[in-house]
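Notes for the structure review
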Amino acid sequence: MSRSSALTSAAKLPRNFYEQATLEVSRELLGKYLVRVHRDGTTAGQIVETEAYIGPDDKACHASKGRTPRTEIMFGPPGHAYVYLIYGFHYLLNFVTEGIGVPAVVLIRAVEPREGIELMQLRRHTTAVRNLCSGPGKLCQAFAIDRSHNGSDICAGELYVEDRCERVKNIATTPRIGIDYAGKWKHNPWRFFVRDSEFVSKR
DNA sequence: CAAGAGATCATCT
DNA sequence: GATGATCTCTTGA
């Protein structure tokens, strides 16, 4: 038995978790833990907000533009990270879902900081815990996630999701944030968050 | 507190 | 050449 498995009761989510329908994965990720192992220290937090992007028809999904070098990862096997730079400033973290050839992902929009908070505060240049990971760009900065993680296997690496068997209740759904250009697709209630959480991006 | 502007670059036209 | 799955700071009520 390895040292890590002897010491932790948490289970790293296996690939078949990500093979489910994207809306299922989006909902079930709430309450799970995002974990990032780094030589400077480990950061971890409970996922409290997600969004589903389900191409190729979904106009908000990058894959609706077709299969390009950028979107290729979304067409690949589930359980891999899709990370990209937006507005020239912020990285956004997604997990590939469903099956090979189906371009769909879940965007991680907010987590509640639980471990490595001091490290997050250093990276984010702020001390307010509520402001460390309450947004998709913020959490990538707090977890030191960047382009180097694009395409990485989140079932076997330094970046992964754990099930610590904590239940969340009162899951709310709304349309997704920041996709006014997406026509009728902007109305789909594909954003999921923990209603009572202080750590979501918006209410 | 709400609204607006600016920052900055990978990607696709 | 245009545009974004954002964030922070400033302005003004």
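Now for a quick tour of the structure. (Residues numbered from 1 in each chain as written. Chains lettered and ligands numbered in written order. Predicted model: local features only at pLDDT ≥ 70, side-chain atom pairs only at ≥ 80, totals over all residues. Heavy atoms only, no water.)

With that settled, consider the side chain of Asn94. Secondary-structure assignment places Asn94 in strand S5 (residues 90–96). The exposure class of Asn94 is buried, given its relative accessible area of 3%. Apart from the residues within four sequence positions on either side, Asn94 is in contact with His80, Ala81, Tyr82, Tyr84, Val105, Val106 and Leu107. (Helix = DSSP H or I, 4+ residues; strand = E, 2+ residues; numbered from the N terminus. Buried < 20%, exposed > 50% of the residue type's maximum accessible area, 1.4 Å probe, protein only. Contact = heavy atoms within 4.5 Å.)

Moving on, we come to the protein's contact with DNA strand B. Around DNA strand B, the neighbouring residues are Thr68, Arg70, Leu85, Tyr87, Gly88, Phe89 and Arg147. Counting only the atoms of DNA strand B that lie within 4 Å of the protein, the sugar and phosphate share comes to 68%. Backbone polar atom of Tyr87 to a base oxygen of DNA strand B: 2.6 Å apart, as the coordinates give it. Measuring from a phosphate oxygen of DNA strand B, one finds a side-chain N or O atom of Arg147 at 3.1 Å. Tallied by class, the residues present in the surface near DNA strand B amount to three nonpolar, two polar and two charged. (Near = heavy atom within 4 Å. Polar contact = N/O pair within 3.5 Å; in protein donor to acceptor, adjacent residues only side chain to side chain. Nonpolar A, V, L, I, M, F, W, Y, C, P; charged D, E, K, R; others polar.)

Counted by the stated rule, this structure contains zero disulfides. As a non-bridged cysteine, Cys133 has Cys140 as the owner of its nearest cysteine sulfur, 9.6 Å distant. Overall, the relative accessible area of 1% leaves Cys133 in the buried class. No disulfide involves Cys155; its sulfur sits 17 Å from that of Cys165, the nearest cysteine. (Disulfide = S-S within 2.5 Å.)

With an omega dihedral of 0 degrees, the bond running from Gly55 to Pro56 counts as a cis peptide bond. Structurally, Pro56 can be placed in the loop between strand S3 (43–54) and helix H4 (72–75). The phi torsion at Ala144 lies on the positive side, around 55 degrees, for a residue other than glycine. Summarising the element assignment, Ala144 is placed in the loop between helix H6 (136–142) and strand S7 (159–163). Of note in this structure, Asn170 is not a glycine but carries a positive phi near 60 degrees.

With respect to spatial proximity, 22 residues lie near DNA strand C, and among them His62, His90, Asn94, Arg124 and Tyr181 are the closest. Near the protein, within 4 Å, the atoms of DNA strand C are sugar or phosphate in 54% of cases. For DNA strand C, a phosphate oxygen lies 2.7 Å from a polar atom in the side chain of His62. Taken together, the elements giving at least two residues each to the surface near DNA strand C come down to strand S4 (81–86), S5, strand S6 (104–115) and H6. Here the surface near DNA strand C is composed, by residue class, of 12 nonpolar, seven polar and three charged.

In terms of nonpolar packing, the biggest core is built from 35 residues, with Tyr18, Leu29, Leu34, Leu93, Phe95 and Ile108 touching the most fellow members. One finds Ala60, Phe75, Tyr84 and Val105 within the second-largest nonpolar core, a separate group that totals 20 residues. (Core = buried A, V, L, I, M, F, W, Y, C linked by side-chain atoms within 4.5 Å.)

This part takes up the pattern of salt bridges. All chains considered together, the criterion is met by 13 salt bridges. Note that Glu162 is salt-bridged to Arg164, the shortest N-O span being 2.8 Å. If you follow the salt bridges from partner to partner, you end up with Glu49, Glu51, Arg109 and Arg191 in one network. (Salt bridge = Lys/Arg side-chain N within 4 Å of Asp/Glu carboxyl O.)

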